[in-house]
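Residues per chain are reported as follows:
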Amino acid sequence: EEQAGRPACSCCCCRRGGNPGGASLLLGREETPAPPPPAAQPQALQTRGHRTGICFSSLATQAGFELVIKERGKSLTQGAVPLSSMTSEVVEDEMEFYSKAEKYWKDVPPTVDGMLGGYGHISSIDINSSKKFLLKFLRDGPNRTGTTCALDCGAGIGRITKRLLLPLFKAVDMVDVTEDFLTKARTYLGEEGRRVRNYFCCGLQDFSPEPNSYDVIWIQWVIGHLTDDHLSDFLKRCKVGLRPNGIIVIKDNMAQEGVIMDDVDSSVCRDLDVVRTIVRRAGLNLLAEERQENFPDEIYHVYTFAMR
């Protein structure tokens, strides 16, 4: 896999040096900051992975915040950001929410490491797990999902298209909001890229899959860049875009509780119940749900869902 230097972390937690005192202010309490952890303890670290939207949160982060949060009966998952139950509670300006994200991604290098926020080494683990999950639906049987065409949503430079979708499908379409990523994809995909039919440059909130066109619509590490309403509406349009026995797959990081806003890349992280509720609201039925295994311990839980 292509590698590049790991981007420096610039998230809200690291900008505050990761000290527990910063957490008490963000939780709305004008208190005397708690003393910093002992020198031997690593600093709190939370950084959002580029393109993936992965949240990397070390156990040291939780240990540090525990000094401030636990004694108030607060969930440790609050970290440095108050929890909410829906994006409308954390997204104040919808236009700004989308424009900030688009600007953010324009500064990310078009490499595998850029797509994964410096964690390019997890790419093979991710792809192999996704392949096993997907093959459950592509095996022979009366309700077998076809292999004619797939859609890669939030495709970036085509990491998933290249290693997961092109080996399994006759043709693939890609959609991403960042034009530079799609331009890079044309060379990154190599000879097999000839089977990519369309490179759509568009935000998913404005994108409509062609009806009855796709056996699989793969949506990975990008739902955090949509509001709840736009995610629900997009999933409804994806449902129309499915061929008979087609499936929609979402793979994303999950918050432990509620909805957490990341002001750096202008995205949200939802918990499992919130995501399931949005899926049901879109009129879809969950067919399978699986937690990703063998990722580094500091990475938040990642789940894969299949639905139609």
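Above this note sits the structure.
Let me begin by describing the structure that accompanies this report. (Residues numbered from 1 in each chain as written. Predicted model: local features only at pLDDT ≥ 70, side-chain atom pairs only at ≥ 80, totals over all residues. Heavy atoms only, no water.)

1. Re the overall build of the protein chain
- Counting secondary structure elements, the protein chain contains 10 helices and 11 strands.
- Counting the 308 residues in the protein chain, one finds 55% classified as buried.
- Here the protein chain has roughly 13,900 Å² of accessible surface; of this, 48% comes from carbon and sulfur atoms. (Helix = DSSP H or I, 4+ residues; strand = E, 2+ residues; numbered from the N terminus. Buried < 20%, exposed > 50% of the residue type's maximum accessible area, 1.4 Å probe, protein only. Areas by Shrake-Rupley, 256 points an atom, 1.4 Å probe, with all protein chains shown as cover.)

2. Remarks on the environment of Asp233
- With respect to the helices and strands, Asp233 occurs in helix α9 (residues 228-241).
- Overall, the relative accessible area of 33% leaves Asp233 in the partly exposed class.
- The spacing of Asp233 and Ile278 is 45 residues in sequence and 9.5 Å in space, taken between C-alpha atoms.

3. Concerning the side chain of Lys251
- With respect to the helices, strands and loops of the structure, Lys251 is situated in strand β7 (residues 242-253).
- Among the residues examined, Lys251 registers a relative accessible area of 1% and is labelled buried.
- A polar contact is formed between the side chain of Lys251 and the side chain of Asp126, at a distance of 2.6 Å. (Polar contact = N/O pair within 3.5 Å; in protein donor to acceptor, adjacent residues only side chain to side chain.)

4. Some details on the state of the cysteines
- Enumeration according to the criterion identifies zero disulfides in this entry.
- Just so you know, Cys238 is unpaired, no disulfide at all, and the nearest cysteine sulfur is the one on Cys153, 5.3 Å from it.
- Take Cys238: its relative accessible area is 0%, and that puts it in the buried class. (Disulfide = S-S within 2.5 Å.)

5. Quick notes on unusual backbone geometry
- Positive phi, normally seen in glycine, also occurs at Asn212, with a value near 55°.
- On the accessibility criterion, Asn212 (49% relative accessible area) is partly exposed.
- The phi dihedral of Trp221 is positive, around 50°, even though this residue is not glycine.
- Within the element layout of this structure, Trp221 appears in the loop between β6 (214-220) and α9.

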